[in-house]
Amino acid sequence: MSIEDTRQQLHQLLWSALAAGDYDVPALRSALRDDSHLSRDLGIESLDIIEFHVRIQSVLGLVIQDSDFEQASTIGGILALLQRPAHGHLAVGES
Amino acid sequence: MGFVDYLAVPELESRYAKLKKYFHLKESAYDVTSLCQLRCEGCYYFQGDKYKVTDNTDAGAWRSFMEGEQRRGINFVNLAGAEPALAPHVLEAIFGVIPTGTVFTNGLKRIDRDIRYRIHISVWGDPGHDPLYRRRLGGQAGPNCLQAQLDNYRDDDRAVFVYTFNRANIAQVDEVLNRVTDAGHVMTFNVFSPPVSLNTALAPGDELEQIYRKMLWAMDRYGDRVIYSAYNAKVHTAAESLHAAFGCPYPRANARSTSPRASGISRTFRSYRTDFSHQIETDCCVPDTDCAQCRHYAAGSAIVSSRLQDHVDCEESFRGWLDYVDTYLAVWVLGYRQGPRLYRAGGGSRVDA
């Protein structure tokens, strides 16, 4: 899976996590950048970020420590996290 | 199976969607006054130094202060100290700014019906023993609180009676439950959690198992008059404290932990004294409580609710979390109704129900 594919997958998981919440998702879609801080820049509530975290783990079948996820805090940060050898998510077919 | 698979189960998806509407709640705690008619064994308020300040009694100052809290993003208030009902003008000022929250009271004085907060009325035992656990300021036995509470809050939908189990009052809950439910009220449970410096015989040890079974019995016998779940019973009577089991996210515990687990509440929760000051060392819903023995219902509401990621290892665990958060909202948010219990007692539990 390429980095772009993973980025798109992360975006989908994020929108799923926010779907039932009180968010202006179209506005968030426009505002989202790789370096947008999920809470400070996008205003996403902490429990929704936790849901995003567990959705990633559930769909990608891996474990990301709370502290690592907390530190990542952006889509770019999470992408970087997924490229770590411990996760190996992008090891095959990475572009 | 994982989180996404659990949400494919209709009853779990529907409960999760119901809870998610409240993910935006951001709470802090405010001690309203240091006036109190009682001195209760284990009361966290009159421990440490936090009550040794001068009460701000100016309604305008409280209004301005709460407007600042609102700008900070706080939309749910926990009003404590001792005794908030004795500062009605302060409650009115706070309610005018942030109208969602909970007041913790001994119930001896009725809070005006226009203050539409959830009201937690503390019960420490049956009428024969409650006065021994809760004494008057001069040290004499306390009043018959339960009768006064029932009189003051008759037909009042804000009231939740909170029965604090200690090692000696387990059987006393039978009479209290009868009287509270006969009066049309609901009850939830707390487990005595001693302050750090208090030498007390009330903290449960081996009795935790007995308390667990009594909680399950009460839910079975009184149905929806008891706002609780089997998973609440399990985690609040476990041998491990809440902090040991889940890692407390309150600023106080996080600041002292060698392996802190932050969550949203770690950044926003403050526990203000009556003069509007706060310190990270006491920013916790039950300051001065011994974290190693903390099984407090208020603490658990934040600790367990913020640990979704610890409850997705199996479906039963997720069911437990859903019940826990559902219970939390029903106890704390006026108008929220608890749904059918989803977690089966004994499922993944240390004991069979």
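Structural data are supplied above this passage.
In this report, we go over the structure that sits alongside the text. Bear in mind the structure is a predicted one, so any value in this text is a computation, not a measurement.

### Section: helix 3 (residues 59–71) of chain B
Residues and elements named next belong to chain B.
In step 1: Its 13 residues place the ends of helix 3 18 Å apart at the C-alpha level, agreeing with the 18 Å of an ideal helix rising 1.5 Å per residue.
In step 2: Those residues of helix 3 that sit buried are A59, W62, F65, M66 and E69. In a view along the axis of helix 3, the buried residues occupy a sector of 120°, so they form one face of it.
In step 3: Looking at the packing, one finds that the buried side of helix 3 touches strand 1 (27–31), strand 3 (76–80), helix 4 (88–97) and strand 9 (271–272).
In step 4: The N-cap of helix 3, judged by a side-chain oxygen 3.2 Å from the amide nitrogen of G60 a few residues on, is D58.
In step 5: Two residues or fewer after helix 3 comes G73, characterised by a positive phi angle close to 100°.

### What to know about unusual backbone geometry
In step 1: In this chain, A82(B) is followed by E83(B) through a cis amide linkage whose omega measures 10°.
In step 2: Even without a glycine there, the phi angle at S73(A) is positive, about 55°.
In step 3: Even without being glycine, F276(B) reaches a positive phi, approximately 75°.
In step 4: Checked against the element boundaries, F276(B) lands in the loop between strand 9 and helix 13 (297–305).

### Section: the interface of chain A and chain B
In step 1: Facing the 15 residues of chain A at the interface are 18 residues of chain B.
In step 2: For the pair chain A and chain B, the summed buried surface comes to about 1,500 Å²; carbon and sulfur atoms form 58% of the total.
In step 3: The tally of links from chain A across to chain B stands at 4 salt bridges.
In step 4: With its nearest N and O atoms 2.8 Å apart, the salt bridge here joins E51(A) to K20(B).
In step 5: Linking chain A to chain B there are 9 residue pairs in polar contact (both at pLDDT 80 or more).

### A few points about the sheet that holds strand 7 (residues 159–165) of chain B
All names here are of chain B.
In step 1: Across the sheet, which stays open at both edges, the 7 strands sit in the order 8-7-5-4-3-1-9 with parallel pairing between neighbours. On the outer flanks of this sheet lie strand 8 (186–191) and strand 9, each paired with one strand and no other.
In step 2: Both strand 1 and strand 3 contribute to a ladder of 5 bridges, which runs parallel. Looking at the pairing, E27 lines up with F76 of strand 3.
In step 3: Set on the sheet, helix 13 makes contact with strand 1, strand 4 (101–105), strand 5 (118–123), strand 7 and strand 8; between it and strand 8 the angle comes to about 85°.

How each quantity is defined
- Residues numbered from 1 in each chain as written.
- Chains lettered and ligands numbered in written order.
- Predicted model: local features only at pLDDT ≥ 70, side-chain atom pairs only at ≥ 80, totals over all residues.
- Heavy atoms only, no water.
- Helix = DSSP H or I, 4+ residues; strand = E, 2+ residues; numbered from the N terminus.
- Expected span 1.5 Å × (residues − 1).
- Buried < 20%, exposed > 50% of the residue type's maximum accessible area, 1.4 Å probe, protein only.
- Arc of directions from axis to C-beta.
- Contact = heavy atoms within 4.5 Å.
- Polar contact = N/O pair within 3.5 Å; in protein donor to acceptor, adjacent residues only side chain to side chain.
- Buried area = accessible area lost by both parts, 1.4 Å probe.
- Salt bridge = Lys/Arg side-chain N within 4 Å of Asp/Glu carboxyl O.
- Pairing = 2+ DSSP bridges.
- Axes fitted to C-alpha atoms, helices over the stretch in contact; angles between N-to-C directions.

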